[in-house]
Amino acid sequence: MSIFFAVLRRDLMLALRSPAESLMTVGFFVIAATLVPFGVGPEPETLARIAAGLVWVMALLAALLSLDRLFQADYEDGSLDLLLLSPGQTEIMVLGKVAAHWLTTGLPLIISVPLLAVFLHLPLEALPALLAAMLLGTPVLSLLGAVGAALALGARRGGALTSLLVLPLFIPVLIFGVAAPEAAVADLAARPHLLILAGLFFGALVLSPWAAAAALRLAAE
Amino acid sequence: MSAPGFAPPTTSSTGLAAEALACLRGERLVFERLSFSLAPGEALVLSGPNGSGKSSLLRQLAGLGPLHDGRLLWNGTPVDTDPEAHRARLAYVGHQDAVKSVLTARENLTAWASLGGGGGEDEALATMGLGALADVPARFLSAGQRRRLGLARLFLRPVPLWLLDEPTLGLDAAAQAGLKAALARHLEQRGMIALATHVPLSLARSQELDLARFSPVRAAA
Amino acid sequence: MIDLATFANPARFSRIAGRVFPWAVGATAVLMAAGLYFALFASPPDYQQGESVRIMYVHVPAAWMALSSYTLLAVASAVALVWRHLLADVVARAMAPIGACFTFLCLVTGSLWGKPMWGTFWVWDARLTSVLVLFFLYLGYLALQNAFDDPARGLRASAILALVGFVNVPIIKFSVDWWNTLHQPASIKLGGPAIDASMLVPLILMTLAFEAYFVTVLLLRMRTELVRGKLRSARLRAAEADEYLPNIGKPA
């Protein structure tokens, strides 16, 4: 487990030294979401109807944008070799990197959701369910994203490739992530959707590090 | 002492031994039937023209590159039976320095020390003559200083096997002398070194391995 | 000397493939002819959907092929990753585009069928949506496979992706079905559960025809892959021999 915290601390320290990268992801998230009223019109009813879905779609895209910095920098400067050579399991190392990625992108996104909720007229009763869904769902994005980012290392057009690989895998998170706040608006229980999201989280927690570690070893060959 | 071993080493030998290694890069067979044995206190100097597979062999010895054929033994046991134990007994310095510009020299080392389990950053910095630069962010370091910082990682954790890819690259005469002394000390303490170098380091108890001899094309010619 | 291809058995594969191939071609032709005859002439129009139900005889087998190809792709990828078996790589590489084509065919026929039935070329029907996502998975697989300068690297990366995708297919399918029931479900489905026996005959024949066609094209593509591999290593050897020429005179 020590490798988990060592990698986590290292990546958090790196992120803190160049905070612009995290902030840019959040900036993209907010700006892209505020573009929507220009596209569909500013009527509060229209926006309220689609707000939860919009927040999620923008979160997916923002997460995607941040994925290339998960392994790319370490791959380019040779750190990846050393990470793979550090004593301890590579899968745990991957988990440490994913945790750092989530803390520096997923969490800031969630924190900025209330702002978007105001902009997009999200029904107030949907907000707690949306936040809970994002707390469970955004780690899945980081976990699945790690697989895509690791697979695309060293490829031509790596960034666009990562999107192509992981976006279809994000669909279940999107579906249940939106279903929870919508259920809350319809006065139904959001709990079942949140439980499914939790299931997706645990599934991804078990399988993604394995696949990402295999992909990293392949990239280092 | 220069006996590049065609003779298969006995399995009871201590240290690192390679038996009939082969390396494919892309679909090109770089070398094949490469064998050597490296006893404690010995150095293995890899030579050969560009593209003869020096870096690839070092990566294979580190467990980063796949063995396309043959076996790698540590004290007579194949290393792939316990890759984690192999990782714990080696230090690898590749072409790239794996230095993060946003961290100071000391922080760079601390990050690696916490990953690998080790310490003594200040001694390591002093050994490579970087004591005065400990708190300078690495982006202000010159290429040679970054190289020295990369090499300082060797001293964080006492491991028997050092794998060095062109360690003298970018080092001035003083730094080269310092490195030579450090290598000699490591050998005195019954450590092992495998390195690719273009600069003669005149190490005691070293054997030279000319990789061109194992190129399939040369053999055919 | 290790043989560049571990690869004694591709020779055996070529021999077997050569023997099976004419049979596969023949079976495809016969089954396709019989299937089309039953599908277009010897089966009744649907009481609800009329003549357009005949699209089902292409659409449904294509959907089955799309899914079974992906399954086979995952199996081949697992074999390639675990045992590093060359032939499994060749199978995976050869069949991914075929599977993608079946998926595309399923989408196109589904969309064509939608026009007379739903009055629009695209409805977010649960099955069609799942097939669309499957198509994206195929696209990602193919893109990853071809994104590297070293084809072996692309193969192994895409093999990992195929396994990840395979685990996700049922999850995606479940999510999409569930999402679909939440929103308005389509009233008429292409190839619903109650199928009359007169429709079953052309459906089975067309499915078998597609299977035979799949085997035919797979064998053809595998042989092409093997020949391409040989060609590549021959070129490589030629280039290498040239590159090392100046060194030959020097003492070893």
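For the structure itself, look to the data block above.
Note that the coordinates shown come from a computational prediction; the quantities given were computed from them, not determined experimentally. (Residues numbered from 1 in each chain as written. Chains lettered and ligands numbered in written order. Predicted model: local features only at pLDDT ≥ 70, side-chain atom pairs only at ≥ 80, totals over all residues. Heavy atoms only, no water.)

### Overview of the packing of aromatic side chains
All names here are of chain C.
Then, number 1: Applying the stated criterion to the full structure yields 15 aromatic pairs over all chains.
Then, number 2: Residues tyrosine 37 and phenylalanine 41 carry aromatic rings whose centres are separated by 6.1 Å and whose planes lie at 40 degrees to one another, so their mutual orientation is tilted.
Then, number 3: Judged by relative accessible area, tyrosine 37 falls into the partly exposed class, the value being 47%.
Then, number 4: For the ring pair phenylalanine 102 and phenylalanine 214, a centre distance of 6.5 Å and an interplane angle of 40 degrees mean the geometry is tilted. (Phe/Tyr/Trp six-rings, centres within 6.5 Å; stacked < 30°, edge-to-face > 60°. Buried < 20%, exposed > 50% of the residue type's maximum accessible area, 1.4 Å probe, protein only.)

### A few points about the interface of chain A and chain B
Then, number 1: Each partner contributes residues to the interface: chain A has 27 residues there, and chain B has 25 residues.
Then, number 2: Buried surface at the junction of chain A and chain B, summed over both partners, amounts to about 2,300 Å²; 61% is from carbon and sulfur atoms.
Then, number 3: A salt bridge links B:Arg59 to A:Asp81; the shortest N-O distance between them is 2.8 Å.
Then, number 4: Here chain A and chain B share 11 residue pairs in polar contact (both at pLDDT 80 or more) between them. (Contact = heavy atoms within 4.5 Å. Buried area = accessible area lost by both parts, 1.4 Å probe. Salt bridge = Lys/Arg side-chain N within 4 Å of Asp/Glu carboxyl O. Polar contact = N/O pair within 3.5 Å; in protein donor to acceptor, adjacent residues only side chain to side chain.)

### As for helix H6 (residues 173-188) of chain B
Residues and elements named next belong to chain B.
Then, number 1: Its 16 residues give H6 an end-to-end C-alpha distance of 22 Å, which sits within 8% of 22 Å, the value for a rise of 1.5 Å per residue.
Then, number 2: Taken residue by residue, H6 has Ala175, Gln176, Leu179, Ala182, Leu183, His186 and Leu187 as its buried positions. The buried residues of H6 all sit within an arc of 140 degrees when viewed along its axis, so they share a single face. For H6, the exposed residues set more than 90 degrees away from the buried face come down to Ala173, Ala174 and Glu188.
Then, number 3: The positive-phi residue at the C-terminal boundary of H6 is arginine 190, with phi of around 60 degrees. (Helix = DSSP H or I, 4+ residues; strand = E, 2+ residues; numbered from the N terminus. Expected span 1.5 Å × (residues − 1). Arc of directions from axis to C-beta.)

### What to know about unusual backbone geometry
Residues and elements named next belong to chain B.
Then, number 1: One non-glycine residue, alanine 98, lies in the positive phi region at around 55 degrees.
Then, number 2: Structurally, alanine 98 is set in the loop between strand S6 (90-93) and helix H3 (105-116).
Then, number 3: Of note, the phi angle at glutamate 166 is positive, near 50 degrees, even though the residue is not glycine.
Then, number 4: As for its placement among the helices and strands, glutamate 166 is situated in the loop between strand S7 (161-165) and H6.
Then, number 5: Overall, glutamate 166 belongs to the buried group, its relative accessible area being 8%.

### Focus on the pattern of salt bridges
Then, number 1: Evaluated as defined, the whole model comprises 22 salt bridges over all chains.
Then, number 2: Here B:Lys100 makes a salt bridge to A:Asp74, at a shortest N to O gap of 2.6 Å. Remark: A:Asp74 occurs in helix H3 (residues 44-77) and B:Lys100 occurs in the loop between S6 and H3; the pair is interchain, linking two chains. Comparing B:Lys100 with A:Asp74 shows no difference in burial state: the two are buried.
Then, number 3: A:Glu221 serves as the salt-bridge partner of C:Arg156, at 3.2 Å between the closest nitrogen and oxygen.

### Comments concerning the pairing of strand S1 (residues 16-25) of chain B
All names here are of chain B.
Then, number 1: Taken across its 10 residues, S1 has seven buried, putting it largely inside the fold.
Then, number 2: Relative to strand S2 (residues 28-38), S1 runs antiparallel, the two sharing seven bridges. Residue pairing across strands places cysteine 23 opposite phenylalanine 31, the latter belonging to S2.
Then, number 3: Linking two consecutive strands that pair antiparallel, namely S1 and S2, is a turn of two residues; a positive phi of about 65 degrees is found at glycine 26 within it.
Then, number 4: In terms of strand pairing, S1 meets strand S4 (residues 69-74) through five bridges, oriented antiparallel. Considered in S4, the bridge of alanine 18 is made with leucine 72. (Pairing = 2+ DSSP bridges.)

### What to know about the sheet that holds strand S9 (residues 206-210) of chain B
Residue and element names in this part refer to chain B.
Then, number 1: Pairing within the open sheet is parallel, and its five strands lie in the order S6-S7-S8-S3-S9. Bordering the open sheet on either side are S6 and S9, each of which pairs with just one other strand. Between one strand axis and the next, the sheet turns through 15 degrees on average, direction left out of account.
Then, number 2: Pairing geometry for S7 and strand S8 (residues 192-196), over five bridges, is parallel. Across the sheet, the residue bridging to tryptophan 162 is isoleucine 193, located in S8.
Then, number 3: Its contacts with the sheet put helix H1 (residues 54-62) on strand S3 (43-47), S6, S7, S8 and S9, and the angle it makes with S7 is roughly 155 degrees.
Then, number 4: With respect to the sheet, H6 is in contact with S3, S7 and S8, its orientation differing from that of S8 by roughly 145 degrees. (Axes fitted to C-alpha atoms, helices over the stretch in contact; angles between N-to-C directions.)

Nothing here speaks to function; it is all geometry.
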